[in-house]
Amino acid sequence: MKRNSISDLLAFMAVARERSFTRAASKLGVSQSSLSHTIITLEARLDVRLLTRTTRSVVPTEAGERLLETVAPRLVEIESAVAAVSDEAVVPAGTVRITAIDHAVDTVLWPRLVPLLKQYPGLAIEISADYRMVDIVSERFDIGVRWGDQVAKDMVAVRLSRDQRMTIVGSPAYFAARGAPSTPHDLLQHNCITLRLASSGGLYAWELANGAQELQVRVGGQATFNGVYQMLAAALSGCGLAFLPEDLVLPHLKTGRLQAVLQPWCPVFPGLHMYYPNRRHSARIFALVVDALRLKE
């Protein structure tokens, strides 16, 4: 690989994300003509067109999109590592603000952040538990954490957990009184514990799948919450059926306090991912948090 390959790829990433040579050149601190020459040279070296240019816009080609999805996260990791080395002599300090769903906070974020907080007294972590699809840039968060299929394509995404199976559960007392559903349609006749979506204000429709067959079941019931832990408590108390991540209910399935139903219809969701905008000069404290949170295979 030539010496300038990484800088050329960073230039391509900037143009692809900004959809503009002018804005990208301003962010990179170079002239527009110099940036254009860099992209042309990169395309010639790869022997493929990466950007489609019109008088009004610049968009990645299919090959450009593939390159962006594959290379961008790795380049950000390299830059973060370089930034961490360059200021290694400085004691890391600062605040990192994170928005995450409550399940992620308890099962993934907090266990991985506690050792980091003890190691770096200058680090402060602010976590907001929320199910809204938060614009982390406008709301001034450094990191967002959601399921993998909820992450915007223009964000750098880093996996935090393996893919997660969902489970429909109820208590033995509930099933003794109401019976168990044998088909997804039967759920409409059951008392289901629902999740209120803050972004839309509507109730979450249970997303079920059995092979190639996919269904969205708009269940209803007496209890509605905006967090999974309250839904779990309601299911344990016999209030109704809940649709929850398997790792959350597994201890109660093992003890018999909950029972699972319609398991062939319970899908596997993409794992939890953290996401953040591309940042060319990440602070060391940010890089440390990202490294602590990422899934270690």
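Quantities reported herein were computed from a predicted structural model and do not represent experimental measurements.

A separate point is the overall build of the protein chain. For the protein chain, the helix and strand inventory stands at 9 helices and 15 strands. C-alpha extents for the protein chain along the principal axes are approximately 75 × 45 × 35 Å. Of all 297 residues assigned to the protein chain, the portion counted as buried reaches 46%. A sequence separation of at least 24 residues applies to 74% of the contacts in the protein chain between residues at least 6 apart. When the accessible area of the protein chain is evaluated, it comes to approximately 15,400 Å², of which 52% is carbon and sulfur surface. Here the protein chain holds 32 positive side-chain charges and 28 negative ones, and the gap between their average locations is 2 Å.

With that settled, the discussion passes to the packing of helix 5 (residues 102–119) against helix 7 (residues 228–236). Helix 7 packs onto helix 5 with a crossing angle of 95 degrees between their chain directions and a minimal axis gap of 8 Å. In terms of their interaxial angle, helix 5 and helix 7 are classed as roughly perpendicular. Two secondary-structure elements touch here, helix 5 through Asp102, His103, Asp106 and Thr107 and helix 7 through Val228, Tyr229 and Gln230. Looking at the contact of helix 5 with helix 7 residue by residue, the classes come out as 2 nonpolar, 3 polar and 2 charged.

Quick look at the pairing of strand 10 (residues 213–217) now. Bridge count between strand 9 (residues 206–210) and strand 10: 5 bridges; the pairing is antiparallel. Along strand 10, the bridge assignment pairs leucine 208 with leucine 215. In sequence, strand 9 turns back onto strand 10 through a hairpin of 2 residues, with glycine 211 there showing a positive phi of about 65 degrees.

By definition, the strands of a sheet pair up through backbone hydrogen bonds, in either a parallel or an antiparallel sense. Reading across the sheet, the 5 strands line up as 4-3-5-15-6 and stay open at both edges, with mixed pairing between neighbours. If you trace the sheet from one side to the other, it starts and ends with strand 4 (123–129) and strand 6 (156–159), each paired once. Recorded for the sheet is a direction-independent mean angle of 25 degrees between the axes of neighbouring strands. Examined bridge by bridge, strand 5 (residues 143–147) and strand 15 (residues 272–276) share 4 bridges and lie antiparallel to one another. Bridge assignment links glycine 144 to a residue of strand 15, and that residue is tyrosine 275. Contacting strand 3 (94–100), strand 4, strand 5 and strand 15, helix 9 (residues 284–293) runs over the sheet at an angle of about 40 degrees to strand 3.

Another aspect to go through is the pattern of salt bridges. Once their charged atoms are close, side chains differing in charge can pair, the charge on each being opposite to the other. A full pass over the atoms with the stated rule returns 8 salt bridges. Across the pair arginine 23 and glutamate 18 runs a salt bridge, and its minimum N-O distance is 3.6 Å. By relative accessible area, arginine 23 is classed as partly exposed at 45%. A relative accessible area of 17% places glutamate 18 in the buried class. Of the charged contacts, one joins aspartate 163 and arginine 159 as a salt bridge, the two residues approaching to 3.1 Å between their closest N and O atoms.

The rules behind the values
- Residues numbered from 1 in each chain as written.
- Predicted model: local features only at pLDDT ≥ 70, side-chain atom pairs only at ≥ 80, totals over all residues.
- Heavy atoms only, no water.
- Helix = DSSP H or I, 4+ residues; strand = E, 2+ residues; numbered from the N terminus.
- Buried < 20%, exposed > 50% of the residue type's maximum accessible area, 1.4 Å probe, protein only.
- Contact = heavy atoms within 4.5 Å.
- Areas by Shrake-Rupley, 256 points an atom, 1.4 Å probe, with all protein chains shown as cover.
- Lys, Arg positive; Asp, Glu negative; His and termini not counted.
- Charge placed at Lys NZ, Arg CZ, Asp CG, Glu CD.
- Axes fitted to C-alpha atoms, helices over the stretch in contact; angles between N-to-C directions.
- Parallel < 35°, antiparallel > 145°, perpendicular 65-115°, else oblique.
- Nonpolar A, V, L, I, M, F, W, Y, C, P; charged D, E, K, R; others polar.
- Pairing = 2+ DSSP bridges.
- Salt bridge = Lys/Arg side-chain N within 4 Å of Asp/Glu carboxyl O.

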